[in-house]
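# Architecture at a glance
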Amino acid sequence: MDAYLLDTDMLAQLVERLRLEGEVIGPQIDRGVIAYGPLKSFEDLPQGWSELQGPGLYRLQRTGRPSRFAYRVAPTSWKPFLYPPKELLFRARKEGDSFTVQPAETSLEARVLFGLRPCELRALRVQERVLSKANYPPYQQRLQASWIVAVACVEPGENCFCADLDSGPEVRDDCDLKLVEWGDEPRYLAQAGSERGRALLRGLALPTASAEDQKEAQAALARARRQMGRSLDRRQTPDLLTRKHAHPAFDALAERCTACGNCTLVCPTCFCSNLEDHTSLDGREASRYRVWDSCFTLDFSYIHGGHARSKPSERYRQWMTHKLSSWQSQFDEAGCVGCGRCITWCPEGIDLTEEFRALTERAKESTIQYRELT
Amino acid sequence: MNPESVLTPTLWKLLEVQEETGDCFSLRLEPPEGYRFEPGQFNMLYAFGKGEAPISISSDPDRSDQLVHSIRAVGVVTQELQRLRAGEQVGVRGPFGQPWPLEEAEGKEVLIIAGGIGLAPLRPLIYRILAQRQRFKQVYLLYGARTPKDLLYPDQLELWQEGIEVRTTVDRSMAGWTGQVGVVPRLITAEGFDPANTLAFVCGPEVMMNFCVEELQNRGVAGSSIFVSLERNMKCAQGYCGHCQMGPYFICRDGPVFRYERIQPFLNIRGG
Amino acid sequence: MGTKQEMLGHPFMVGLAPEHQAAMVECAREAFIQKGTWLLRNGDLADQFFLVQEGVLSIELYVPNRAEHSIQTVHPGELLGWDWMVPPYRWTFDVRAQEDCRAFAVDARCIRGKGQVDHEFGYQLQNRISQVMARRVKALRFQLLDVYSHEP
């Protein structure tokens with residue numbers, strides 16, 4: 001595969017070229033975090049910045065280096081750009097005894113999603129598979145209107161464990177372009193992942209990367225693989241729900257989990273939604289929206305008579321076993337990509353990997369003690 | 001269904017609203033040309049501005065001129081549906097879900113076991129069996145409800161006796177009731193079917209199904225020969241809203257009808 | 001506490017012939033159950049029963065889509081559990097300790113073995129447990145009548 005070596009100016013040139021394809025969305029400093037949004041200029045990229053992430057912890061940090069991709073992941077994933085938090089499905093209008101229904105049209109501006117981390121790219125493909133199996137057309141339509149540019153991770157963070165889920169630190173899924181940034185005076189290795197990506201790179205007259213350059217980039221990624229802050233033993237994930245549903249670790253967890261739903265909001269693969277129906281005040285116009293929902297809310301599992309999952313421990317169990325185990329049965333892959341967001345943004349600092357480890361260990365001493373009669 | 005309409009209901013004309021026994025009512029609708037369903041499937045019914053509810057189909061699958069839904073008015077949407085009058089419109093998406101696998105019952109005895117309004121999703125199956133009666137050996141309908149006045153489709157229960165063995169029971173008797181009193185599993189105990197050559201289709205409240213399955217298994221019916229129909233919070237019916245998941249299954253897509261041995265590991269997980 | 005002598009004082013034991021009392025004691029251990037513990041779980045193997053000495057336990061039924069709810073409570077001086085007598089020897093309800101409890105836990109296999117050898121012992125035991133069961137069924141029927149409801 002053709003590989004090109006870019007310096008900062010050439011990277012800027014690449015971004016300018018991508019602008020011709022559509023609005024470029026990329027990482028930038030926004031209200032105290034590195035977030036994804038429209039890039040007004042190449043200078044918006046978070047040069048010299050990184051962040052500290054830990055359980056319930058996020059702080060911007062200066063790196064003292066000119067790298068632009070030294071951060072890990074933004075609080076909110078790329079999910080909103082393809083699967084908006086709120087989306088109109090149809091409008092209905094009452095006319096006498098009857099009514100009419102008008103399906104919503106998906107807005108399809110061409111966009112360039114610039115700077116997906118490998119775990120985020122995996123999450124995008126995971127959601128793509130979920131939503132195409134569910135026959136939810138707007139997702140596929142938006143994806144087709146988007147360019148996808150991924151950037152490998154050479155500096156994983158404290159909450160990262162993509163290596164254990166085979167989603168990173170190198171780019172492993174389909175995209176248009178993939179980049180690696182490495183070195184104190186950053187250089188960029190650029191490769192195409194699609195036909196249109198190949199054509200675009202060729203058109204820029206970039207210098208070809210030498211075998212030596214490519215080896216250096218590979219070495220940086222191999223180092224990254226050994227620097228994951230968290231780990232997860234996937235051999236323990238099959239049949240998690242049926243094997244471990246009564247494990248006391250879930251009860252212990254319930255004392256900490258407030259069922260706030262942050263983890264599901266920041267999770268890049270969580271797809272659950274609710275359908276909301278609205279009517280105008282005069283009762284003549286109605287509409288339906290799909291809105292993100294969370295399996296941590298009580299009403300999520302409501303059916304007449306009660307709730308299937310009335311306790312927070314049951315809801316955390318549902319979420320965790322779905323991500324790590326049931327998802328595998330549903331879609332032949334994990335529902336977790338190892339991005340660590342749920343750990344960072346849990347107000348209680350609950351660590352998915354630690355809770356999973358607790359489940360794989362034997363329960364602590366029994367709460368029933370026996371003694372022989374004297 | 002065509003791709004544009006998956007997220008949008010199609011409008012059907014309401015032919016009639018029928019009061020049923022207990023707190024149930026039926027909507028008789030006019031389906032569009034070419035609409036087909038299999039016994040056990042459901043539709044999402046949309047009441048203008050109020051929302052959708054998953055409702056099983058209760059009519060004869062071999063009649064294309066009308067489609068019937070029997071409904072209990074327990075929520076905002078179903079209560080609104082109850083207020084509709086003939087000539088008004090109902091939004092419909094469907095049919096969804098896996099049907100009762102009747103072809104597996106060919107040449108066998110059939111137990112249709114229903115509790116309460118659980119008879120509604122089984123009625124299309126009964127129609128189909130009656131239409132093809134010679135394909136099956138002895139067929140039993142074992143039906144229980146809370147009280148005699150909660151027994152659904154009382155006139156048909158009489159009529160069906162001509163083609164199949166119909167047994168009814170109630171949890172609580174009332175003045176004038178001379179029929180059986182007791183829970184549905186007792187009806188299973190009383191019948192002389194051959195467990196090795198029997199298929200059971202069960203629908204009712206989950207606890208009732210649990211007790212029935214236990215009794216069936218005590219009698220020697222294998223978990224692979226028992227089918228149950230489950231109910232969960234279905235919103236989208238397509239598998240993207242995630243609400244109806246149970247373990248690895250989307251009840252809307254992988255169910256609502258499940259082979260018991262397949263769903264069994266997840267049925268008894270508390271809060272599963 | 002926890003002596004064979006103490007067990008002989010449990011109401012279920014009183015009036016049994018001395019050799020039958022001895023048989024019971026041979027099969028028994030003392031059990032301490034922490035508050036909140038699920039002592040028995042629906043579907044699990046019914047391999048013992050309990051003579052409650054201290055604390056209250058609740059018999060609970062799990063109804064899917066509804067929270068667990070207690071249908072009866074068991075108190076000191078009472079017997080808990082009879083599914084061990086009836087095949088397939090599986091619990092048909094859940095029991096949770098409402099407070100810290102102490103009980104004599106009697107091994108069911110041990111008792112069934114002794115009952116098979118000594119039918120008189122088996123009969124006496126069955127007879128006593130039948131009385132407990134009859135009392136509980138009667139109580140359940142009374143509950144079913146729902147005598148405090150407004151409806152006629």
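Residues numbered from 1 in each chain as written. Chains lettered and ligands numbered in written order. Predicted model: local features only at pLDDT ≥ 70, side-chain atom pairs only at ≥ 80, totals over all residues.

With that settled, consider the overall build of chain B. A tally of helices and strands in chain B yields 7 helices and 15 strands. Against the compact-globule benchmark of 19 Å for 272 residues, chain B has a radius of gyration of 18 Å, which places it among compact chains. Reported as C-alpha extents along the three principal axes, the dimensions of chain B are approximately 50 × 45 × 35 Å. In chain B, buried positions account for 53% of the 272 residues. Partitioning the contacts of chain B with sequence separation of at least 6, the portion at a separation of at least 24 is 70%. (Helix = DSSP H or I, 4+ residues; strand = E, 2+ residues; numbered from the N terminus. Rg over C-alpha atoms; globule rule 2.2 N^0.38 Å. Buried ≥ 20, exposed ≤ 12 C-beta atoms within 10 Å, placed from the backbone. Contact = placed C-beta atoms within 7 Å.)

This brings us to the overall build of chain C. Looking only at helices and strands, chain C has 4 helices and 8 strands in total. Across chain C, helices and strands are ordered from the amino to the carboxyl terminus as α-α-β-β-β-β-β-β-β-β-α-α. The C-alpha atoms of chain C give a radius of gyration of 16 Å, which matches the 15 Å a tight globule of 152 residues would have. Per-residue burial for chain C yields a buried fraction of 25% across its 152 residues. Sequence-distant contacts, at least 24 apart, represent 75% of the contacts inside chain C between residues at least 6 apart.

Attention now goes to the packing of helix H3 (residues 118-133) of chain A against helix H4 (residues 137-144) of chain A. All names here are of chain A. Look at H3 against H4: their axes get within 8 Å of each other, and the N-to-C directions meet at 135°. Our classification of the angle between H3 and H4 gives oblique. Facing H3, whose interface residues are Gln127, Glu128, Leu131 and Ser132, H4 presents Tyr139, Gln140 and Leu143. Partitioning the contact of H3 with H4 into residue classes produces 3 nonpolar, 3 polar and 1 charged. (Axes fitted to C-alpha atoms, helices over the stretch in contact; angles between N-to-C directions. Parallel < 35°, antiparallel > 145°, perpendicular 65-115°, else oblique. Nonpolar A, V, L, I, M, F, W, Y, C, P; charged D, E, K, R; others polar.)

With that settled, consider the sheet that holds strand S7 (residues 98-103) of chain A. By definition, the strands of a sheet pair up through backbone hydrogen bonds, in either a parallel or an antiparallel sense. All names here are of chain A. Pairing in this open sheet of 4 strands is antiparallel, and the strands run S7-S6-S13-S12 from one edge to the other. Of all the strands in the sheet, the pair left with one neighbour each is S7 and strand S12 (273-279). The sheet shows a mean angle of 20° between the axes of neighbouring strands, direction not considered. (Pairing = 2+ DSSP bridges.)

Attention now goes to the interface of chain C and chain B. Each partner contributes residues to the interface: chain C has 4 residues there, and chain B has 4 residues. When grouped by side-chain class, the residues that make up the side of chain C that touches chain B number 3 nonpolar, 1 polar and no charged.

Counting 179 residues, the largest nonpolar core has A:Val149, B:Ile112, B:Ala200, B:Val202 and B:Phe227 as its most contacted members. With 7 residues, H3(A) is the largest single contributor of residues to this core. Those residues within four positions of B:Ile112 in sequence are excluded, and the remaining contacts are B:Leu122, B:Leu125, B:Ile126, B:Tyr140, B:Leu141 and B:Phe201. Listed in part, the 29 residues of the second largest apolar core include C:Ala97, C:Ala103, C:Phe104 and C:Ala105. (Core = buried A, V, L, I, M, F, W, Y, C linked by C-beta atoms within 7 Å.)

This part is about the environment of A:Glu195. Here A:Glu195 is to be found in helix H5 (residues 195-203). According to the C-beta neighbour criterion, A:Glu195 is exposed, with 9 such atoms within 10 Å.

Further remarks concern helix H4 (residues 119-145) of chain C. Residues and elements named next belong to chain C. Counted at 1.5 Å a residue, the expected span for H4 with its 27 residues is 39 Å, and the 38 Å between its end C-alpha atoms agrees. Little of H4 sits inside the fold, with 2 of its 27 residues counted as buried. Just downstream of H4, aspartate 146 is the residue with a positive phi angle, here 55°. (Expected span 1.5 Å × (residues − 1).)

Okay, the pairing of strand S13 (residues 285-292) of chain A next. Working note: regular strand, side chains alternate between the two faces of the sheet. Inspection of the sheet shows strand S6 (residues 86-95) of chain A paired to S13(A) by 7 bridges, in the antiparallel sense. Bridge pairing in S13(A) links A:Leu88 to A:Tyr289.

Quick look at the environment of C:Leu144 now. Residues and elements named next belong to chain C. Mapping leucine 144 onto the fold places it in helix H4. Given 10 C-beta atoms within a 10 Å radius, leucine 144 is considered exposed. Along the primary structure leucine 144 and valine 52 are separated by 92 residues, whereas in three dimensions their C-alpha atoms are 26 Å apart.

Another point: the sheet that holds strand S5 (residues 67-72) of chain B. All names here are of chain B. Here 6 strands make up an open sheet; going across it, the order is S4-S3-S6-S1-S2-S5 and the pairing antiparallel. Only two strands of the sheet have a single partner each, and these edge strands are strand S4 (51-56) and S5. Adjacent strand axes in the sheet meet at a mean angle of 40°, parallel and antiparallel pairs treated alike. The pairing of strand S3 (residues 42-47) with S4 spans 6 bridges and is classified as antiparallel. Pairing of alanine 47 across the sheet is with glycine 51, part of S4. Across the face of the sheet, helix H1 (residues 76-83) comes into contact with strand S2 (24-30), S3, S4, S5 and strand S6 (89-96) while running at roughly 80° to S4.

Geometrically, the link from B:Gly94 to B:Pro95 is a cis peptide bond, its omega value of 0° lying close to zero. Mapped onto the elements, B:Pro95 comes out in strand S6. A cis amide bond, omega 0°, links B:Gly255 with the succeeding residue B:Pro256. Mapped onto the elements, B:Pro256 comes out in the loop between helix H6 (251-254) and strand S15 (257-259). One non-glycine residue, A:Ala205, lies in the positive phi region at around 50°. By the secondary structure assignment, A:Ala205 is in the loop between H5 and helix H6 (211-225). One non-glycine residue, A:Asp239, lies in positive phi territory at about 55°.

Residues and elements named next belong to chain A. Checked against the element boundaries, serine 210 lands in the loop between H5 and H6. A tally of 11 C-beta atoms within 10 Å means that serine 210 is categorised as exposed. C-alpha separation for the pair serine 210 and leucine 5, spaced 205 residues apart in sequence, amounts to 7.9 Å.

What follows covers the packing of helix H3 (residues 108-117) of chain C against H4(C). All names here are of chain C. The interhelical angle for the contact between H3 and H4, taken along N-to-C directions, is 125°, at an axis separation of 5 Å. The angle between H3 and H4 falls in the class oblique. The segment H3 lies against H4, with Ile111, Lys114, Gly115 and Gln116 engaging Phe121, Gly122 and Leu125. Residue classes in the contact of H3 with H4 are distributed as 3 nonpolar, 3 polar and 1 charged.

On to the pairing of strand S7 (residues 94-97) of chain C, then. All names here are of chain C. Of the pairings in the sheet, the one linking strand S2 (residues 38-40) to S7 comprises 2 bridges and is antiparallel in character. Looking across to S7, one finds that leucine 40 is bridged to valine 95. Pairing geometry for strand S4 (residues 57-61) and S7, over 4 bridges, is antiparallel. Bridging across to S7, leucine 57 finds its partner in alanine 97.

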